[in-house]
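Working through the structure, step by step
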Amino acid sequence: MTARETTARARRVGAGTDRPAASGDPLLLGVRHHGPGSARAVLAALDHARPSAVLVEGPPEADTLLPLAADERMRPPVALLVHAVDDPGRAAFWPMAAFSPEWVAIRWALEHRVPVRFMDLPAAHGLAVPEQPEARPDDAPAVDPIGVLAAAAGYDDAERWWEDVVEHRTADGAPADPRAPFAALAEAMGALREVHGDGGRPRDAVREAAMRLRLRAARKEFGDGVAVVCGAWHVPALAARTTIAADKALLKGIPKVRTETTWVPWTHRRLARHSGYGAGIESPGWYGHLFDARDRPLERWMTKAAGLLREEDHFVSSADVIEAVRLAGTLAAMRGRPVAGLAEATDAVRAVMCEGSDVPLALVQDRLVVGETLGEVPDSAPAVPLQRDLTRQQRTLRLRPVAERRDLELDLRKETDAARSRLLHRLRLLGVGWGEPVEGRGSTGTFRESWRLHWRPELFVRVAEAGVWGTTVLTAASARAESEAVAATTLAGVTALAERCLPAGLPADALSVVMSALADRAALDADVGHLADALPALARSLRYGDVRGTDTAALAAVAVGLAERVCVGLPPACTGLDPDGAQEQRRRVDGVHSAIALLAGARAGGEADPTDRDAPAPADGATDAPADAPTDGLRGRWAGVLRKLASRDTVAGVVRGRATRLLLDDGHLPEEEAARLMGLALSPGAPPADAAAWIEGFVGGAAGGGMLLVHDERLLRLVDDWLTGIPPASFTAVLPLLRRTFSTYDPGVRRTLGELVRCGPQPGGAHRTADALTAGFGPGLDERRADAVVPVLRLLLGLGTEERTTTTGSTPEKERTASR
Amino acid sequence: MTVSESVRTASTTTASTISAGAGDPAEGSALRPHAEHAFADELTALAAADDRPRPARWRLSPWGVATYLLGGVLPDGTVITPKYVGPRRLVEVAVSTLATDRALLLLGVPGTAKTWVSEHLAAAVSGDSTLLVQGTAGTPEEAVRYGWDYARLLAHGPSRDALVPSPVMRAMADGMTARVEELTRIPADVQDALITILSEKTLPVPELGQEVQAVRGFNLIATANDRDRGVNELSSALRRRFNTVVLPLPATPEAEVDIVSRRVEQIGRSLDLPPTPDGMAEIRRVVTVFRELREGVTTDGRTKLKSPSGTLSTAEAISVVTGGLALASHFGDGVLRPGDVAAGVLGAVVRDPAADRVVWQEYLEAVVRERDGWKDFYRACREVSA
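Criteria and cut-off values
- Residues numbered from 1 in each chain as written.
- Chains lettered and ligands numbered in written order.
- Predicted model: local features only at pLDDT ≥ 70, side-chain atom pairs only at ≥ 80, totals over all residues.
- Helix = DSSP H or I, 4+ residues; strand = E, 2+ residues; numbered from the N terminus.
- Buried ≥ 20, exposed ≤ 12 C-beta atoms within 10 Å, placed from the backbone.
- Contact = placed C-beta atoms within 7 Å.
- Nonpolar A, V, L, I, M, F, W, Y, C, P; charged D, E, K, R; others polar.
- Axes fitted to C-alpha atoms, helices over the stretch in contact; angles between N-to-C directions.
- Parallel < 35°, antiparallel > 145°, perpendicular 65-115°, else oblique.
- Pairing = 2+ DSSP bridges.
- Expected span 1.5 Å × (residues − 1).
- Left-handed = near helix turned anticlockwise from the far one by under 90°.
- Core = buried A, V, L, I, M, F, W, Y, C linked by C-beta atoms within 7 Å.
- pLDDT = per-residue confidence, 0-100.

The next thing to look at is the overall build of chain A. For chain A, the count of helices and strands is 38 helices and 10 strands. Split into buried and exposed, the 820 residues of chain A put 45% on the buried side. In chain A, the proportion of contacts linking residues at least 24 apart, taken out of those at least 6 apart, comes to 74%.

What follows is about the overall build of chain B. Secondary structure assignment for chain B yields 17 helices and 11 strands. The buried share among the 386 residues of chain B stands at 48%. Summarising the internal contacts of chain B: among those between residues at least 6 apart in sequence, 70% fall at separations of at least 24.

The next subject is the interface of chain B and chain A. Facing the 38 residues of chain B at the interface are 33 residues of chain A. Elements supplying a minimum of two residues to the side of chain B that touches chain A: α4 (62-70), α5 (88-99), α11 (236-239), β11 (242-246), α16 (355-368) and α17 (375-385) of chain B. If you tally residues by element for the side of chain B that touches chain A, the top one is α5(B), at seven residues. Class assignment for the residues of the side of chain B that touches chain A results in 15 nonpolar, eight polar and 15 charged.

A word on the packing of helix α17 (residues 385-396) of chain A against helix α19 (residues 458-466) of chain A. Residue and element names in this part refer to chain A. Put simply, α17 and α19 touch, their axes get as near as 8 Å, and they point 120 degrees apart. With respect to each other, α17 and α19 are oriented oblique. Between α17, through L386, Q387 and L390, and α19, the contact on the second element is made entirely by V463, A464 and A466.

Another aspect to go through is the pairing of strand β10 (residues 448-453) of chain A. Side chains on a regular strand alternate between the two faces of the sheet. Where strand β8 (residues 406-411) of chain A lies against β10(A), six bridges are found, and the strand directions are antiparallel. The residue of β10(A) that forms the bridge with A:L410 is A:E449.

With that settled, consider the environment of A:D63. With respect to the helices and strands, A:D63 occurs in the loop between β2 (53-56) and β3 (78-84). With near-sequence residues (within four places) excluded, A:D63 lies in contact with A:R117 and A:F118.

What follows is about helix α8 (residues 202-222) of chain A. Residue and element names in this part refer to chain A. Between its first and last C-alpha atoms α8 spans 31 Å; for 21 residues at 1.5 Å apiece the expected length is 30 Å, and the two agree. Regarding α8, the residues found buried are D204, R207, E208, A209, A210, M211, R212, R214 and A218. Those residues of α8 that are buried are in contact with β2, β5 (116-118), β6 (226-231), α9 (235-239) and α10 (244-251).

Residue and element names in this part refer to chain B. Pairing is parallel in the open sheet, where five strands are placed in the order β4-β7-β10-β3-β11. The sheet terminates laterally at β4 (132-134) and β11, the two strands that pair on one side only. Averaged over all adjacent pairs, the angle separating strand axes in this sheet is 20 degrees, with direction ignored. For strand β7 (residues 177-181) and strand β10 (residues 219-225), the ladder comprises four bridges, and the chain directions are parallel. Bridge pairing links T177 to N219 in β10. Across the sheet, α5 is in contact with β3 (103-108), β10 and β11; its angle to β11 comes to roughly 165 degrees. This element, helix α8 (residues 167-174), spans β4, β7 and β10 of the sheet and lies at about 160 degrees to β7.

Moving on, we get to the packing of helix α13 (residues 297-311) of chain A against helix α15 (residues 342-353) of chain A. Residue and element names in this part refer to chain A. The N-to-C vectors of α13 and α15 enclose an angle of 45 degrees; their axes lie 11 Å apart at closest approach. The angle between α13 and α15 falls in the class oblique. Considering the relative orientation of α13 and α15, their crossing is right-handed. Residues L298, W301, A305, A306 and L309 of α13 form the contact with α15, whose participating residues are A345, V349 and M353. Per-class residue counts for the contact of α13 with α15 are eight nonpolar, no polar and no charged.

Here we come to helix α14 (residues 318-334) of chain A. With 17 residues, α14(A) should reach 24 Å at 1.5 Å per residue; the first-to-last C-alpha distance of 24 Å fits that figure. Of all the residues in α14(A), the buried ones are A:D320, A:V321, A:E323, A:A324, A:V325, A:R326, A:L327, A:A328, A:T330, A:L331, A:A332 and A:M334. Next to the buried residues of α14(A) lie α13 and α15 of chain A together with α4, α5 and β11 of chain B.

The next thing to look at is the nonpolar core. A general tendency of soluble globular proteins is for nonpolar side chains to be buried together. Ranked by internal contacts, the top residues of the largest apolar core, which has 318 residues, are A:V228, A:V514, A:L535 and A:A559. Apart from the residues lying within four places of it in its own chain, the contact partners of A:V228 are A:P26, A:L27, A:L28, A:L29, A:L55, A:M119, A:L215 and A:L238.

Here we come to the sheet that holds strand β1 (residues 27-31) of chain A. Residue and element names in this part refer to chain A. Pairing within the open sheet is parallel, and its four strands lie in the order β1-β6-β2-β5. Every other strand in the sheet has two partners, leaving β1 and β5 as the edge strands with one partner each. On average, adjacent strands in this sheet sit at an angle of 20 degrees to one another, irrespective of strand direction. Note that β2 and β6 share four bridges and pair parallel. Paired with L55 across the bridge in β6 is V228. Taken strand by strand, helix α3 (residues 101-111) contacts β1, β2, β5 and β6, and its axis lies near 155 degrees from that of β2. α8 rests against β2, β5 and β6 of the sheet, and its axis sits at about 160 degrees to β6.

With that settled, the discussion passes to the pairing of β1(A). Residue and element names in this part refer to chain A. Counted residue by residue, β1 has five buried out of five residues, so it is predominantly covered. Alternating positions in β1 separate into two faces, L27, L29 and V31 on one and L28 and G30 on the other, with burial throughout. Where β1 lies against β6, five bridges are found, and the strand directions are parallel. Opposite G30, over in β6, you have C230 as the bridge partner.

All names here are of chain A. The omega angle of the peptide bond from P76 to P77 is 5 degrees, so this bond is cis rather than trans. Locating P77 in the fold gives a position in the loop between β2 and β3. Unusually for a residue other than glycine, R50 sits at a positive phi of about 50 degrees. With respect to the element layout, R50 can be found in the loop between α2 (36-49) and β2. Unlike most non-glycine residues, E355 shows phi in positive territory, near 55 degrees. Accessibility expressed as a C-beta count within 10 Å gives 24 for E355, which makes it buried.

Turning our eyes to something else, we now look at the confidence of the model for chain B. Predicted coordinates in regions of low pLDDT should not be interpreted in detail. Residues and elements named next belong to chain B. The predicted model of chain B has a mean per-residue pLDDT of 83, with 89% of residues at 70 or higher. Scored below 50 in pLDDT, residues 1-26 shows 35 contacts in the model against residues more than four places distant or in partner chains. The ipTM value of the predicted complex is 0.73, and its pTM value is 0.64.

Attention now goes to the confidence of the model for chain A. Residue and element names in this part refer to chain A. Model confidence for chain A is summarised by a mean pLDDT of 76, while 80% of its residues fall at 70 or above. Contacts of residues 131-142 to residues separated by more than four positions or lying in other chains number 24 contacts, the stretch itself having pLDDT below 50. Low confidence marks residues 763-776, where pLDDT is under 50. Its contacts with residues over four positions away, or in another chain, come to 10 contacts.

Our focus in this paragraph is the environment of A:L756. Looking at the element boundaries, A:L756 is found in helix α35 (residues 747-759). Placed 47 residues apart in sequence, A:L756 and A:L709 show a C-alpha to C-alpha distance of 9.8 Å.

Turning our eyes to something else, we now look at the environment of A:L27. Tracing the chain through its elements places A:L27 in strand β1. Sequence separation between A:L27 and A:A239 is 212 residues, and the spatial gap between their C-alpha atoms is 9.8 Å.

Laid out in structure tokens, this is it:
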């Protein structure tokens, strides 16, 4: 556009301010999207001008949906959703709150039975452009027009300038001519666009050409008294005189896709800037308040804030409310603002009602400034794209939603089955319980999954509800998981969520949100028990990741971090426990032990795993030297912890015994040392109950416990000696403990132990060599019984002849027997 | 400016007690002049340039007071030095509060320039920062209300002449700004003597059947430490009479390192410690450790941490570094090394032997161990914490 054109346009806009009536020109109402002041001004201007039709900036595809806005079950905030038919992931939203000028204009037109149309470039074109498929054709040009105007007025904050000059002024009370503010604003914008042209957004020219064409069509149809509600930035372009041919030329040949449109419920939170599809406003709650408040908005706001704080048990008196209002007023005067705005109100609430603290203030910010308001959409609105995406996937994966229950076995090594599993897991994340995982029949390999499918009609409702999270199953599940991760309060909650997210195959960015939430909760959780409880689930998830080929580097890093924290915190947490607590702690030690083995194994397996580098830092060898742990990374650190547990007297007996046993099993503890520890624990000085607990920890629970005693007679002897040395008074006290320990053994083991004990101490005392023990239960060999074994052995080994076998055993006696 | 707060507090207190009756000390002879004397030029220039409306008995408009604290350049070219470096919002709220009839409570951990801000506010608003009550466990009610000159009382009976007004009482009578330092150290019953003053704006003297009514312009600035243990919590009745402004710790690591190093240098000079070269690295490290544990998140924002029970204020970082310097110069080779500060850091972090030790160990293992160039520090910490 030439300079002359823009000047002429600016002059025209300027001249428009003088003319009182809309004689032939359309009524151009330039607004800030979601500005409450703009909304009031629009309402006043519409009431004053009584246009014959109303055009609103928005996708023309949604024209047919406009009457729904008058439906009594329609409650803003809602959003117009336009998505490509083939790919629901490509979608654009036009959010509207009760205080949005567009919404106000639509409602006004519907109430007054005035035709209302959308007038933007069809979204079909916007969605067809491959780069930026999700960005709405938004209203913030690369040059921030309001920012430039604000800077010209000496404001550093554009939002504040707009509030002071436009929103607050019109909120004060209707000016004499409701159209005056729009004229002034149009003039300012005209001047701006003379300088900045299209503001660095060439697409705007196309959009504005489309708007002009729609405007022309509307004027042809409804006459001249047409009102237009659009972003203030576009007003000069709409007022410009261009030829139809030029506009049509601009629109020629731009690609388009088939689209579908619907209304979806929206929330204030999603209107806020910091969440996806944000509408660019930080404080929807505040704006809603400004729009709703009949008068004295500041006083009403403070009263609301006080009410909220009182509900949350912060004492706020009426005097505080008065003082807060006064302070906000003084602050506004000091800052040279016409009316106290949100910044002043917030400062005043903090200083007066929250005693200077940001903690209760955060509540006000969250509940009031942003707000919880949830929109509603009538059932007659078209189906949400999520349902379409689900239907499409059901077709591709040949998973028909049928009403009867049906079992499904999935082999995750197959591509289709893996995709089915992912879909079902994602739906579960979304709360759509179509499939429930069940215990698999037959094979229990990690690559198998069993589901029970059951589609119920109410699941359609569930899908519709889940539509608020996104337009495809994947994006919705990701968004839901992210929001749950952020909202989760307990570590166990996040861990469970992570366990559900991994099989769902969520994209990396969603997973990383969950992972960082997990890391944060783990870091802040002071109870090492929670950490220890969370670790096994994580280790399991890691194993799942291996099966499904998901990237688990982040998870591994979190799990290793968690394991380190457990290593630091566990020893102090194992002291001074009551018997129940000690049992609980022993269970955790077991869980952590196997989890750490899994972790260390996983890390040793993948060379390229970044956590390998992270956990045992290069400095490990040197820095760990003062500690008592061998320098073997996590596993070594854990062994150090176990050793600490095993040797510390204040640790509960059952935990001490368990730690000794785990060390012994892993070969970190020589048998002599284990025997020494056992001797210490079972020495006459130790309280019998504690010693019995130690025995339970050492040989109880796990199946191998009994065999250990069977095979190591020295340990058995220690137990035996201790048992016989217990004074009769204490014997009844420890009996239940012992019974609990030994009754879990296999009958065979129990009988063998009994026989061993009946044999009594063997000649040679307690310190017989291991060599003598391995051959059998007696000192010598019972030749007759050994002979009896030979035929069976032959049969088993498939040996028909008298051939010497070396496989029967390592003992020379047996070989002799076989050859005889 | 935060660094010398404690020293200043002490000297201000002494000076005000002495100068209260004897008038202002001669210009230049005082060890540390009051704010209104030290910055008299700026205050005069501001008063001349300030054409905005002033509340009753204020020397400057609220805008002028804020400019005096935050610094700026006047139309005539006078440069106003910033007295407080921090969020503008806080100063604006503080000044606005003084302009209403609520009192101002400045909260913060030690070393956040509470006293400094309160002194300068009083100097800018009333031109006098000496109407000061220093709160201690032994502050009597007379320090807040009034006392008696017993010689006169016995000789002439109760009369206005025998009454010794407290700084608060004088501020009420003259419409000035009174200051109460360390409000939470004052015993609860004495604290509550302020309630009538702040809500009714009057101080009854039942012995005389009279009262002193506050003149317009009177207000009160109190400072309190919100993290220390063993303080006398404000009663909610009193708390409601205050608007609260929480002064934050330094916002950036650079600012804090700067404060610590400057203050350490000053203390080092007064303790005759030889200057140590290359101490900056350790100071930076101590500040980093303190900030990370205090804020519960590492500097890179990646890892969350548990926070120990101690305050880990800037003031403590200063004492840790000073202690390390003493170690280095008397028992080491004169260079501040990780080993010199490790014990001090441990002592500052581990206040509660059970819970804090876990916090500290986790921090060591999860953060310090894996940080580049921190190997020496890690080893030194392992040695002292073992």
